[in-house]
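Remarks on the overall topology
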Number of protein chains: 2
Amino acid sequence: MNQTAAALDDDVIELGEMAGSLGFLLRIAQVQVFDEFYAALSVHGMKPGEFTVLWVIHLNPGLRQGTIARALHIKPAHMTKLVARLADAGYISRIIPTDDRRSVRLMLTSTGKAFVRKNRDDLINFHKAERSRLDDDEFEQFAALLRKFTGIAEARP
Amino acid sequence: MNQTAAALDDDVIELGEMAGSLGFLLRIAQVQVFDEFYAALSVHGMKPGEFTVLWVIHLNPGLRQGTIARALHIKPAHMTKLVARLADAGYISRIIPTDDRRSVRLMLTSTGKAFVRKNRDDLINFHKAERSRLDDDEFEQFAALLRKFTGIAEARP
DNA sequence: GGGAAATAGTTTCCACGTAAACTAATTTTT
DNA sequence: AAAAATTAGTTTACGTGGAAACTATTTCCC
């Protein structure tokens, strides 16, 4: 048990300035939240990105898939596959408008609507569970700083 | 140019409760920081994870690679490849101690030491660049909340 | 109006990271 | 002390997401 040198002192790691690096801290935080998401919601066989897209379509029916991709920082190539998965699963329908047949507009199917309605609470509860080490005030402050940092507007009430 | 319906109003997206989701906000924030990292440091052909590992070895010479992997939430399989890349590049050396020949302890080579010394400032400057939309107070508050959220201790002065 | 440029999405191919199975070394059990 | 269990790291096989090239459609401009 007693180590011979400081260099061999496992489990205690000096991070130095790294502990002030947002990139590093954000990555760790995201991994943790991701794990929580899977623990809470993967029952439905859905991944975070897919759920997010479904949610955005729910709130913004008829939007172009490219617009959604840009807003969520999903690359077009990936968006194509993600949309295909959601369409194959029967949650969304791809609509090609006649006035611009290059674009694809997305709508929830009735199955998709039912899914969102049914799992809305799981989503909300998941958000609450995320708070883990923070109290309510800290949580709100944290979310506000994240929104400011990312330049994302707060939800309109 | 004038859209016909609200549903077609591209570029304005309603996120609803999603704007309060840490998972969502963390992902966006991380993507942004990641992009900044590449813009600032990819000249050296090094990725964020690699740079972080190099930095941790610099501060904790002789640590086991598994210990570092756990601390940085890097999976063992990935750590093997990452360490191989850094070793191939000549930045670190893998040392198999005689008292436990299963383990691998990592040290910086002189090349690695020189690299860290030379790029330390880029790293620090990068951290400053990260602050973009936040002032100094907000930045510190943000980092503190991230540390609390992730359970990571602040750097010892 | 017809070719050039721009735009939307898709396809192909590749890199990164992971889970699962595996090898090697060490410790525990009996 | 041999067998079983544990631990450290590696290898293999695969899935996800991304860059670049491609197709289809629309807009620009001469």
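A brief look at the structure comes next. It should be emphasised that the depicted structure is a prediction, and the values quoted were computed from it without experimental measurement. Sequence positions are assigned chain by chain, starting from 1 and proceeding in written order. Following the order in which they are written, the chains are lettered starting with A and the ligands numbered starting with 1. Whole-chain, interface and lining totals are the exception, using all residues; otherwise, since this is a predicted model, local features are given only for residues with pLDDT of at least 70 and side-chain atom pairs are given and counted only at 80 or more. Water and hydrogen atoms play no part in the side-chain values, which are based on all heavy atoms of the structure.

Secondary structure is summarised from DSSP: a helix means a run of H or I of at least four residues, a strand means a run of E of at least two, and numbering begins at the N terminus for each. The number of helices and strands found in chain A is six helices and two strands. In chain A, the succession of helices and strands from N to C terminus is α-α-α-α-β-β-α-α. Burial classes follow relative accessibility: with a 1.4 Å probe on protein chains only, a residue under 20% of its type's maximum area counts as buried, one over 50% as exposed, and anything between as partly exposed. The 157 residues of chain A split such that 46% are buried. Computed with a 1.4 Å probe, the accessible areas rest on the Shrake-Rupley method; for each residue, only the protein chains presented here act as cover. Counting every atom, chain A has about 8,300 Å² of accessible surface; 53% of that belongs to carbon and sulfur.

In this section: the pattern of salt bridges. Salt bridge, as used here: a side-chain nitrogen of Lys or Arg that lies within 4 Å of a carboxyl oxygen of Asp or Glu. One pass over the structure, following the stated rule, counts 12 salt bridges over all chains. Asp 100 of chain B is paired through a salt bridge with Arg 64 of chain B; the nearest N and O atoms lie 3.6 Å apart. A residue pair is termed long-range when its members are at least 10 positions apart, and Asp 100 of chain B in the loop between β1 (92-95) and β2 (105-108) and Arg 64 of chain B in the loop between α2 (48-59) and α3 (65-72) qualify at 36 residues. Under the relative-accessibility criterion, Asp 100 of chain B is labelled buried at 14%. Where Arg 147 of chain B meets Glu 140 of chain B, a salt bridge forms, and the shortest distance between an N and an O atom there is 3.8 Å. Relative accessible area serves as the criterion here: at 41%, Glu 140 of chain B is assigned to the partly exposed category. In this structure, a network of salt bridges that share partners links the residues Lys 47, Glu 50 and Arg 85 of chain A.

This brings us to the protein's contact with DNA strand C. Taken together, 20 residues sit near DNA strand C, with Gln 65, Thr 80 and Arg 94 of chain A together with Lys 47 and His 78 of chain B positioned nearest. Sugar and phosphate atoms represent 73% of those atoms of DNA strand C found within 4 Å of the protein. With respect to DNA strand C, the side chain of Gln 65 of chain A contributes an N or O atom lying 2.8 Å from a phosphate oxygen. Thr 80 of chain A has a polar side-chain atom sitting 2.9 Å from a phosphate oxygen of DNA strand C. Every element with two or more residues in the surface near DNA strand C is listed here: α3 (65-71) and α4 (76-88) of chain A together with α4 (76-88) of chain B. Per element, the largest residue contribution to the surface near DNA strand C is four residues, and it comes from α4 of chain B. Polar here means any residue outside two lists: the nonpolar Ala, Val, Leu, Ile, Met, Phe, Trp, Tyr, Cys and Pro, and the charged Asp, Glu, Lys and Arg; Gly therefore counts as polar. Split by residue class, the surface near DNA strand C holds four nonpolar, five polar and 11 charged. Proximity criterion: a residue is near a molecule or strand once any of its heavy atoms comes within 4 Å of it. In protein, a polar contact means a hydrogen-donor-capable atom and an acceptor-capable atom, both N or O and within 3.5 Å, with residues adjacent in sequence counting only if both atoms are side-chain atoms; elsewhere, any N or O pair within 3.5 Å suffices.

Moving on: the protein's contact with DNA strand D. Within the structure, DNA strand D sits among 21 residues, and His 78, Lys 81 and Arg 101 of chain A together with Thr 80 and Arg 94 of chain B are positioned closest to it. Among the atoms of DNA strand D lying within 4 Å of the protein, the sugar-phosphate backbone contributes 74%. Within the contact set of DNA strand D, a phosphate oxygen lies 3.1 Å away from a side-chain nitrogen or oxygen of Lys 47 of chain A. Backbone polar atom of Val 104 of chain B to a phosphate oxygen of DNA strand D: 3.0 Å apart, as the coordinates give it. Taken together, the elements giving at least two residues each to the surface near DNA strand D come down to α4 of chain A together with α3 and α4 of chain B. Taken together, the residues that form the surface near DNA strand D break down as four nonpolar, five polar and 12 charged.

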